[in-house]
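Listed here are the chains, written in short residue letters.
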Amino acid sequence: MTTIVSISDEYITLGQFLKHIDVITTGGQAKWYLQEYTVFVDGELENRRGRKLYPNTRVEIPDEGIFIVKEMKSDENDLNTHDA
């Protein structure tokens, strides 16, 4: 299943993204998580918590799912997550 993650800013960092989708509970866990677990950004293995994710970026986390970053429409709340 693919989940759409809406953002209100130009980009979201991978660390913020992981926290937003509830994979980690604090931003400080991002570095550890990326060292211990496999995360792909647009098909490439990624381990930088500061990696900027722009609209249309695809994030795949085995056992968690596939996520697509989308720009928030003006009638949506701040940060939203919903299934595609």
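In the annotation of an unreviewed UniProt entry, the entry for the protein chain reads S4 domain protein YaaA, and the organism field reads Granulicatella adiacens ATCC 49175.

## A look at the overall build of the protein chain
Scanning the protein chain from terminus to terminus reveals two helices and eight strands. Going from the N terminus to the C terminus, the protein chain shows its helices and strands as β-β-α-α-β-β-β-β-β-β. Looking at the protein chain as a whole, 35% of its 84 residues are labelled buried. Residue pairs in contact within the protein chain that sit at least 24 positions apart in sequence constitute 55% of those at least 6 positions apart. Element-wise, carbon and sulfur atoms account for 42% of the exposed surface of the protein chain, whose accessible area totals about 5,400 Å².

## So, the side chain of Thr-13
Locating Thr-13 in the fold gives a position in strand E2 (residues 12-13). By relative accessible area, Thr-13 is classed as buried at 19%. Aside from chain neighbours lying at most four places away, what touches Thr-13 is Arg-49, Gly-50, Arg-51 and Leu-53.

Rules used in this analysis
Residues numbered from 1 in each chain as written. Predicted model: local features only at pLDDT ≥ 70, side-chain atom pairs only at ≥ 80, totals over all residues. Heavy atoms only, no water. Helix = DSSP H or I, 4+ residues; strand = E, 2+ residues; numbered from the N terminus. Buried < 20%, exposed > 50% of the residue type's maximum accessible area, 1.4 Å probe, protein only. Contact = heavy atoms within 4.5 Å. Areas by Shrake-Rupley, 256 points an atom, 1.4 Å probe, with all protein chains shown as cover.

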